[in-house]
Amino acid sequence: MSLPNIVRVMKMWSNGSIHKSNKKIDSMNAALHYAGPAAWEGIRSYLQQNGSTKIFKLEEHIRRLFDSAKIINIKIPFSYNDVIQACSSLVETNGGGDLYIRPIVYARNDASEMYKNGAEVNLDIYTFPMPILSKRDVKVIISNFSRSYPTYQMQAKVAVNYSTVYELKQEAQRAGVDDVLVTDQHGFVVEASLANIFLVKGDVILTPPNNGSILPGVTRATLIQDILLNAPLMYSKYKKSPIVVEKNITKADIYTADCIMLVGTYYEILNVLEVDGRVIGNGVENSYYKILWEEYHNLIRGR
Ligand code: PMP
């Protein structure tokens, strides 16, 4: 999929108005040089069972955009309600349906001016069509790179955190797998390149804590709050009573899990078949994977 061409086909929202996407930024732009003054979101809209379009968890994503901007100390020159409204209008203008929505806040000024004047920021929002992912089962390796952010940075969705993604994706490609898991500075496994992780051991669902080394994912929260801890749903429909535990995940936890899932807005829910050449569980989809996949798809499609 050639992203830039697809992005250009649709209209964009930029600093308060919707128009044809023809944006160009100067290569002296501060966000390009320092990566710091740029925060963004990845959101999806879905065609609903009743034929309408709904932007999934829009409020949660825009709240995280404002949180990310606050963490790196840039001020979004629009209100929370303005940004919600802007995303909704843009999706409607572009015809609705299954779209990816990318708001980005970034420095307007030159790198040479940033320290003198602070970052003045633009807010742009792009959308492009999002095909249904056909793949559910993936193979991964544990990356040789470790995330060395000990404090708060990974809790913000900011450009600087993605500087290693290019290398991570190349590492996966060289190893002939679909994605990589990354570790923190203590060697605990914290995330995939662009997704949070869940492990299943019996009826215990493990996920790394939001301690500064993960992005607190909207999908992660949805799966925990709307599905796993929704006791009436889990018990009456599936006769299951899962326990969700936030715990530092070791490599041994990974290799011995019954099931591992990669979860995120873009990935939705992927099932990990193999890590570092070890088959996970008994190599077939675990019942919790099937339940989460089914219930998540019911939620996004308004069923
Ligand atoms: N971790 C990272 C590093 C990510 O880029 C993403 C994708 N935004 C996630 C986790 C999953 O977050 P979400 O469920 O909000 O998309």
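What comes next concerns the included structure. (Residues numbered from 1 in each chain as written. Predicted model: local features only at pLDDT ≥ 70, side-chain atom pairs only at ≥ 80, totals over all residues. Heavy atoms only, no water.)

### Some thoughts on the environment of Tyr46
Note on placement: Tyr46 falls in strand S4 (residues 43-47). Judged by relative accessible area, which is 2%, Tyr46 ranks as buried. Sequence separation between Tyr46 and Gly96 is 50 residues, and the spatial gap between their C-alpha atoms is 8.0 Å. Those residues in contact with Tyr46, other than ones at most four positions away along the chain, are Ser52, Thr53, Lys54, Phe56, Gly97, Asp98, Thr265, Glu268, Ile300 and Arg301. (Helix = DSSP H or I, 4+ residues; strand = E, 2+ residues; numbered from the N terminus. Buried < 20%, exposed > 50% of the residue type's maximum accessible area, 1.4 Å probe, protein only. Contact = heavy atoms within 4.5 Å.)

### Quick look at the packing of helix H8 (residues 231-238) against helix H10 (residues 287-300)
Where H8 contacts H10, the two axes come as close as 13 Å, and the packing angle between them is 120°. Relative to H10, H8 is oriented oblique. In this structure, the crossing between H8 and H10 has a hand that is right-handed. Of the residues in H10, those in contact with Leu233, Met234, Lys237 and Tyr238 of H8 are Tyr288, Ile291, Glu294, Glu295 and Asn298. Tallied by class, residues from the contact of H8 with H10 come to 5 nonpolar, 1 polar and 3 charged. (Axes fitted to C-alpha atoms, helices over the stretch in contact; angles between N-to-C directions. Parallel < 35°, antiparallel > 145°, perpendicular 65-115°, else oblique. Left-handed = near helix turned anticlockwise from the far one by under 90°. Nonpolar A, V, L, I, M, F, W, Y, C, P; charged D, E, K, R; others polar.)

### Section: unusual backbone geometry
With the exception of glycine, the majority of residues adopt a negative phi angle, and the majority of peptide bonds are in the trans configuration. One non-glycine residue, Lys57, lies in the positive phi region at around 55°. Positive phi outside glycine occurs at Asn73, with the angle close to 60°.

### Quick word on the packing of aromatic side chains
Scanning all chains against the criterion turns up 8 aromatic pairs. Here Tyr46 and Phe56 contribute two aromatic rings whose centre-to-centre distance is 6.4 Å and whose plane-to-plane angle is 80°, an arrangement assigned as edge-to-face. In this pair, Tyr46 is assigned in strand S4 and Phe56 in the loop between strand S5 (53-55) and helix H3 (58-71), connecting sequence segments 10 residues apart. Aromatic pair Phe66 and Tyr80: ring centres 6.4 Å apart, planes at 65°, arrangement edge-to-face. In this pair, Phe66 sits in helix H3 while Tyr80 sits in helix H4 (residues 80-93), placing the two residues 14 residues apart along the sequence. The class of Tyr80 is partly exposed, set by a relative accessible area of 27%. Three or more aromatic residues joined by ring pairs form one cluster here, namely Tyr100, Phe128, Tyr266 and Tyr267. Over the ring of Trp293 we find Arg136; its NZ or CZ atom is 4.4 Å from the centre of that ring. Lying over the aromatic face of Tyr288, Lys240 brings its terminal NZ or CZ to 4.6 Å of the ring centre. (Phe/Tyr/Trp six-rings, centres within 6.5 Å; stacked < 30°, edge-to-face > 60°. Lys NZ or Arg CZ within 6 Å of the ring centre and 35° of its normal.)

### A few points about the pattern of salt bridges
The final tally for this structure, using the stated rule, is 12 salt bridges. Among the salt bridges present, the one from Lys169 reaches Asp179, with a minimum N-O distance of 3.7 Å. A residue pair is termed long-range when its members are at least 10 positions apart, and Lys169 in helix H6 (residues 165-175) and Asp179 in strand S9 (residues 179-183) qualify at 10 residues. The exposure class of Asp179 is buried, given its relative accessible area of 1%. Between Lys237 and Glu295 there is a salt bridge; the shortest N-O distance is 2.7 Å. Pair noted here: Lys237 is in helix H8 and Glu295 is in helix H10, with a separation of 58 residues, a long-range link. Of the residues examined, Lys237 reaches a relative accessible area of 46% and is grouped as partly exposed. (Salt bridge = Lys/Arg side-chain N within 4 Å of Asp/Glu carboxyl O.)

### Remarks on the packing of helix H7 (residues 218-228) against H10
Contact geometry of H7 with H10 gives a least axis separation of 11 Å together with a crossing angle of 100°. Classified by the interaxial angle, the pair formed by H7 and H10 is roughly perpendicular. Counting all contacts with H7, which are made through Thr219, Thr222, Leu223, Asp226, Ile227 and Leu228, the residues of H10 involved are Tyr288, Leu292, Glu295, Tyr296 and Leu299. For the contact of H7 with H10, the per-class residue count stands at 7 nonpolar, 2 polar and 2 charged.

### Re the side chain of His61
Of note, His61 is situated in helix H3. The exposure class of His61 is buried, given its relative accessible area of 2%. At 2.7 Å, the side chain of His61 forms a polar contact with the side chain of Glu41. Excluding residues that lie within four positions of it along the chain, His61 makes contacts with Glu41, Gly42, Ile43, Phe56, Val218 and Thr265. (Polar contact = N/O pair within 3.5 Å; in protein donor to acceptor, adjacent residues only side chain to side chain.)

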